Amino acid sequence: MADISRRKDDHLDLATTGDVGFKQTTTLFECVRLVHDALPELAVEDIDTSVQVLGKRLRSPILIAAMTGGSERAERINKELASIAEERGYAFGLGSQRAMHKHPSRSTTYAVRDVAPTALLLGNLGIVQAAQMSNTEVQSLVAVVGADALCIHLNPAMELVQDDGDRDFRGGLATLERLLGLGLTLVVKETGCGLSSHVARRLRQIGVEHVDVSGAGGTSWVAVETHRASSARRPLGQAFWEWGIPTAASVALCAPHGFKTIFATGGVGSGLDIAKAIALGASAGGIARKALQALETGGRLAALAFFDQLEAELRATMLLTGSSNLRALTKAPRLVSGELAEWIRVAP
Ligand SMILES: Cc1cc2nc3c(=O)[nH]c(=O)nc-3n(C[C@H](O)[C@H](O)[C@H](O)COP(=O)(O)O)c2cc1C
């Protein structure tokens, strides 16, 4: 039990203060320019930022993305961020529930329904762990925390860099197919390397309807594991630090495949980023590390101020593009240039 808790706390330390960002790779949201509307004919109070996602209405298209669980510190962070999600009408993602599967006494560190009774709540499991669990075990993990949906995370790059990480990723699609048969709402998510068009197509073929692209440009999980790796394994991590599909590209590549939900996570740090993600086809923006940093460096007030700024920027972008609601924002005129245009043109 100590091992898992230590690993979770290491992740939290590294994500709060460590050098774990991509260095050259960006989200490519900078390649999207939304066209200014000098005659918007709207008042700020007319702007409706609400959206229906996974059966619940979010007041703003924001997901506080999966981060933690399993330790006392994780419990405090989950409760604080989940209560903010409840207060603000955002969605909230729990971190991998592997720790509570191995040690059921750790379930309390994921319990947020007392502070977030109505928020859209996402459970979380790695695909390799899910493959090894029975249907009943998976269903029980979702039921115990009262989640509305279960995120299954894909993270082959970070596993390869982790000393004791998984090395065998066969049977992923078969696992997802089995889980889809359980009647759970599944969200298939990456963890910072993005989903390609090829992956999106295969997910749609088996009936996956909801994804979180978790693309490159924000937190590099290869970087996190590189810091934790043995000296023998560290060079592999250094070589793959920048690996992944930029978030804006991944959203644009997934959008044509007809998913019901696309969360745009990975380096999202402003309301303008969220607006651009929605214009490219996302349902909502997801934020992990920046929310954690705001909370851990400045407490609840700093986290609330961070989200205030995000919401103000989103509203401003909507007004300045003449978009009274998020549906209108999806049709806002935009210019897509540079590397993002290349991704959209050539990426398989
Ligand atoms: C401290 C921390 C822990 C994370 N743990 C998980 C996890 O358990 N499961 C998961 O699916 N993603 C996890 N992630 C990945 C995030 O959900 C997200 O996909 C990724 O960090 C990119 O978003 P960001 O650039 O906003 O941090 C974690 C991220 C952070 C910062």
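To be clear, the structure that these remarks concern was listed above.
Our subject in this report is the structure included herewith. Counting restarts for each chain, with residues numbered from 1 along the sequence as it is written. In keeping with the model being predicted, local features are shown solely for residues with a pLDDT of at least 70 and side-chain atom pairs are shown and tallied solely at 80 or more, while totals for entire chains, interfaces and linings include all residues. Calculated side-chain values reflect all of the structure's heavy atoms, with hydrogen atoms and water omitted.

1. Concerning the overall build of the protein
Selection criterion: Under the scheme used here, helices are H or I runs from DSSP no shorter than 4 residues and strands are E runs no shorter than 2 residues, and both carry numbers assigned from the N terminus. Taken over C-alpha atoms, the radius of gyration is set against a globule rule of 2.2 Å times the number of residues to the power 0.38. Burial classes follow relative accessibility: with a 1.4 Å probe on protein chains only, a residue under 20% of its type's maximum area counts as buried, one over 50% as exposed, and anything between as partly exposed. Between two residues, a contact is recorded if the distance between any of their heavy atoms is within 4.5 Å. All accessible areas in this document rest on Shrake-Rupley with a 1.4 Å probe, and a residue is counted as covered only by the protein chains that are shown. Note on charges: Lys and Arg go in the positive column, Asp and Glu in the negative column, and His and the chain ends are not counted at all. By convention, the point assigned to a charge is CZ for Arg, NZ for Lys, CD for Glu and CG for Asp.
From N to C terminus, the protein includes 15 helices and 12 strands. Here the C-alpha atoms of the protein give a radius of gyration of 19 Å, agreeing with the 20 Å that 2.2 N^0.38 yields for 348 residues. Principal-axis analysis of the C-alpha atoms places the extent of the protein at approximately 60 × 45 × 40 Å. When burial is assessed residue by residue, the protein has 55% of its 348 residues classed as buried. Contacts in the protein between residues at least 24 apart in sequence constitute 79% of all its contacts with a sequence separation of at least 6. For the protein, the computed accessible surface area is about 14200 Å², with 53% contributed by carbon and sulfur atoms. Each charge class in the protein was averaged separately, 36 positive and 37 negative side chains, and the resulting centres sit 4 Å apart.

2. Let's talk about empty space enclosed by the protein
Going by this rule: Here a cavity is any set of points on a 1 Å grid over the protein atoms alone where a 1.4 Å probe fits but cannot get out, and a pocket is any open set with protein on both sides within 12 Å along at least 5 of 7 lines; a residue lines the site when it has an atom within 4 Å of a point. Grid points are joined across faces, edges and corners, and a volume is the space filled by probe spheres set on the points. Polar here means any residue other than Ala, Val, Leu, Ile, Met, Phe, Trp, Tyr, Cys and Pro, which are nonpolar, and Asp, Glu, Lys and Arg, which are charged; Gly is therefore polar.
As enumerated under the stated definition, the model contains 1 cavity of 30 Å³ or more in all. Empty space within the largest cavity amounts to approximately 60 Å³. Looking at the largest cavity, it is lined by 14 residues, and the ones nearest its centre are Thr191, Gly192, Cys193, Trp221 and Val222. Contributing elements (two or more residues each) for the lining of the largest cavity: helix 6 (156-161) and helix 9 (221-228). Broken down by class, the residue content of the lining of the largest cavity amounts to 9 nonpolar, 4 polar and 1 charged.

3. Section: helix 2 (residues 72-88)
Where we set the bar: Here the expected length of a helix is defined as 1.5 Å per residue gap, with one fewer gap than residues.
In this model, helix 2 (17 residues) spans 25 Å end to end at C-alpha, consistent with the 24 Å of a helix rising 1.5 Å per residue. Within two residues after helix 2, Gly89 carries a phi angle of roughly 80°, on the positive side.

4. A look at the packing of helix 2 against helix 13 (residues 289-320)
Spelled out, the test is: Geometry is summarised by axes, namely lines fitted to C-alpha atoms with helices restricted to the contacting stretch, and by angles between N-to-C directions that run from 0 to 180 degrees. Reported orientations rely on four angle classes, namely roughly parallel under 35 degrees, roughly antiparallel over 145, roughly perpendicular from 65 to 115, and oblique for the rest. In this scheme, a crossing is called left-handed if the near helix is turned counterclockwise away from the far one by less than a right angle; it is called right-handed if the turn is clockwise.
Interaxial distance between helix 2 and helix 13 falls to 11 Å at its minimum, and their mutual angle equals 15°. One element, helix 2, and the other, helix 13, form an angle in the roughly parallel class. Between helix 2 and helix 13 the crossing geometry is right-handed. Counting all contacts with helix 2, which are made through Arg73, Arg76, Ile77, Glu80, Leu81, Ser83, Ile84, Glu87 and Arg88, the residues of helix 13 involved are Ala291, Leu292, Leu295, Glu296, Arg300, Ala303, Leu304, Phe307, Asp308 and Glu311. Taken together, the residues of the contact of helix 2 with helix 13 break down into 9 nonpolar, 1 polar and 9 charged.

5. Points about a nonpolar patch on the surface
The condition is simple: Exposure above 30% relative accessible area and no salt bridge define the residues that can form patches, which grow by joining like charges within 9 Å and nonpolar side chains of Val, Leu, Ile, Met, Phe, Trp and Tyr within 5 Å. The term salt bridge refers to a side-chain nitrogen of Lys or Arg lying within 4 Å of a carboxyl oxygen of Asp or Glu.
A grouping of Leu160, Phe169, Leu236, Phe240 and Trp243 is seen on the molecular surface, where their side chains present a nonpolar patch of about 440 Å² in accessible area. Looking at the secondary structure, you find Phe240 in helix 10 (residues 234-240). A relative accessible area of 33% means that Phe240 is categorised as partly exposed.

6. Comments concerning the packing of aromatic side chains
Threshold: Pairs were defined over the aromatic rings of Phe, Tyr and Trp, the Trp ring being its six-membered one, requiring ring centres within 6.5 Å. Orientation was assigned from the angle between planes: stacked under 30 degrees, edge-to-face over 60, tilted for the rest.
Counted under the stated rule, the structure contains 3 aromatic pairs. Geometrically, the ring pair formed by Tyr90 and Phe307 is tilted, given 5.1 Å between the ring centres and 55° between the ring planes. Pair noted here: Tyr90 is in the loop between helix 2 and strand 5 (91-93) and Phe307 is in helix 13, with a separation of 217 residues, a long-range link. Assessed through its relative accessible area of 1%, Tyr90 is described here as buried.

7. As for the pairing of strand 10 (residues 261-265)
Put simply, the rule reads: Strands are treated as partners if at least two bridges between them are detected by DSSP.
The buried fraction of strand 10 amounts to 5 of the 5 residues, a majority that puts the element mostly inside the structure. Side chains Thr261, Phe263 and Thr265 of strand 10 all project onto a buried face; the interleaved residues Ile262 and Ala264 project onto the opposite face, where all are buried too. Relative to strand 10, strand 9 (residues 210-212) is paired through 3 bridges, and the arrangement is parallel. Bridging from a neighbouring strand, Val211 pairs with Ile262 of strand 10. In this structure, strand 10 lies alongside strand 11 (residues 284-287), joined through 3 bridges in parallel fashion.

8. Things to note about the side chain of Gln97
Tracing the sequence through the fold places Gln97 in the loop between strand 5 and helix 3 (98-102). On the accessibility criterion, Gln97 (0% relative accessible area) is buried. Leaving out residues up to four positions away in the same chain, Gln97 has contacts with Tyr110, Gly123, Asn124, Leu125, Leu141, Val145 and Leu150.

9. Overview of the nonpolar core
Stated precisely, the cut-off is as follows: Nonpolar core, defined: a set of buried Ala, Val, Leu, Ile, Met, Phe, Trp, Tyr and Cys residues in which side-chain atoms within 4.5 Å join the residues together.
Ranked by size, the top nonpolar core spans 101 residues in total, and within it Ile64, Phe92, Ile152, Ile287 and Phe307 carry the most contacts. If you tally residues by element for this core, the top one is helix 13, at 12 residues. Those residues in contact with Ile152, other than ones at most four positions away along the chain, are Leu125, Gly126, Ile127, Ala130, Leu176, Leu179, Leu186, Val187, Val188 and Lys189. The next biggest cluster of nonpolar side chains, apart from the first, holds 5 residues, and it includes Val20, Ala223, Val224 and Trp241.

10. Quick look at the site of the ligand
In plain terms, the rule: A cutoff of 4 Å decides nearness: a residue is near a molecule or strand if any of its heavy atoms lies inside that distance of it. The term polar contact refers here to a pair of N or O atoms within 3.5 Å; inside protein, the definition further demands a hydrogen-donor-capable atom paired with an acceptor-capable atom, and it admits residues adjacent in sequence only when both atoms are side-chain atoms.
The environment of the ligand is formed by 22 residues, the closest being Ala66, Ser96, Ser214, Thr219 and Gly267. Between the ligand and the protein, one listed contact pairs an oxygen atom with a side-chain N or O atom of Asn124 at 2.9 Å. Here an oxygen atom of the ligand and a backbone polar atom of Ala288 are 2.9 Å apart. When the free accessible area of the ligand is taken as 600 Å², the share hidden by the protein chains comes to 96%. The class makeup of the residues in the shell around the ligand is 7 nonpolar, 12 polar and 3 charged.

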